[in-house]
Amino acid sequence: MRLKDKVIVVTGASAGMGKAITERFVREGAKVVAVARRKERLQELAQELAQGPGQVSVFAGDISRREDNEAMLEHAVKTYGRLDVLVNNAGIMDDNTAIGDMSDEMLERLMQVNACGPMYAMRRAVQIFLEQGEGGNIINTCSVGAVHHTAGVAYCASKAALTAATRNTAFMYMEENIRCNAIAPGGVITDIPLVMPQANEFGFARTSSLLAHSPELGMPEDIANAALFLASDESSFINGVVLTCDGGWTNL
């Protein structure tokens, strides 16, 4: 098993890519703290994975809150005795709004969930890794939206901020054996479209010109496979990389 006994925190674990990552990690022997706001969904997931070979502990929290980000990591250490990997997967979409129509509320919410929340978690994870003195591993779910105009300005800017934080962290702590990489998905089939706000007419017309040339959509399991590689020791010489998983979309 490629992740046997590794202690891993996964945010956004109740659905979509986060659920697929959690499932894959547990099958590979990891001890996973599954984090999301919907505790009942987490409990259902934990029950599904109760036969292992890994383990699941649930933590209900809002990753936009600094306190919840810190508490989920402390929960991992208290439950399993250490922390090996942090997977910042949780995130939200905007309504495809361009800068001229963007509201303060949209900007603040996207930045808080997609950039500030993961950075709160990264900060505490790095502190724990340094205390343990054995290195560590952070994996951020960014997006091709950081460099490709696949959504509104708030979403693209928030994912670009997380991409920059990924590379900066990799550089800053490489001598402490703390790795930080990212996955940049393209279009993936999840339930996000069901909870997205109604699309802004002007912005959606613009982004649709790119969506029309998108290849076949990926599955959450495709992202889980990438996360498994980055979480495993097989990627031990990979640091500061943004692994694009988009079926070639950004090459068009």
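Located above this text is the structure these notes cover.
Remember, it's a predicted structure, so these values are computed and weren't measured experimentally.

Undergrad: Outline the packing of helix α3 (residues 66–80) against helix α4 (residues 104–132), supporting the account with residue identities and numerical values.
TA: Relative orientation of the contacting elements α3 and α4 amounts to 35°, with a least axis distance of 8 Å. The crossing of α3 and α4 is right-handed. For the pair formed by α3 and α4, the contact residues are R66, N69, E70, M72, L73, E74 and V77 on the first element and G117, Y120, A121, R123, R124, A125 and I128 on the second. Of the residues belonging to the contact of α3 with α4, the class tally is 7 nonpolar, 2 polar and 5 charged.

Undergrad: Tell me about the pairing of strand β6 (residues 178–185), residues and numbers included.
TA: Counting buried residues in β6 gives 8 out of 8 residues, a clear majority hidden from the surface. The side-chain alternation of β6 yields two buried faces, one formed by I178, C180, A182 and A184 and the other by R179, N181, I183 and P185. Where strand β5 (residues 136–141) and β6 come together, 6 bridges link them in parallel fashion. The residue of β6 that forms the bridge with I138 is C180. In this fold, the crossover linking β5 to β6 by way of helix α5 (residues 153–172) has right-handed handedness. Taken together, the 4 bridges between β6 and strand β7 (residues 242–245) define a ladder with parallel strand orientation.

Conventions and cut-offs
Along every chain, residues carry numbers that run from 1 in the direction the sequence is written. Whole-chain, interface and lining totals are the exception, using all residues; otherwise, since this is a predicted model, local features are given only for residues with pLDDT of at least 70 and side-chain atom pairs are given and counted only at 80 or more. Only hydrogens and water are set aside; all other atoms, that is, all heavy atoms of the structure, feed into the side-chain values. For helices, the fitted line uses only the C-alpha atoms of the stretch in contact; every axis is such a line through C-alpha atoms, and the angle between N-to-C directions lies from 0 to 180 degrees. Segments assigned H or I by DSSP are reported as helices when at least four residues long, segments assigned E as strands when at least two residues long, and all are numbered from the N terminus. For any helix crossing, the convention is left-handed if the near helix is rotated counterclockwise from the far helix by under a right angle, and right-handed if that rotation is clockwise. Here a residue-residue contact requires only that any non-hydrogen atoms of the pair lie within 4.5 Å. In this count, Pro and Cys sit with the nonpolar residues alongside Ala, Val, Leu, Ile, Met, Phe, Trp and Tyr, while Asp, Glu, Lys and Arg are called charged and the others, Gly among them, polar. Relative accessibility decides the category of a residue: with a 1.4 Å probe and only protein chains considered, values under 20% of the type maximum give buried, values over 50% give exposed, and everything between is partly exposed. Criterion used throughout: strands pair if DSSP finds at least two bridges between them. Place the viewer so that the strands point away; then a crossover is right-handed whenever the path from the first strand over the helix to the second strand goes clockwise.

Any functional reading would require information that these geometric values do not contain.
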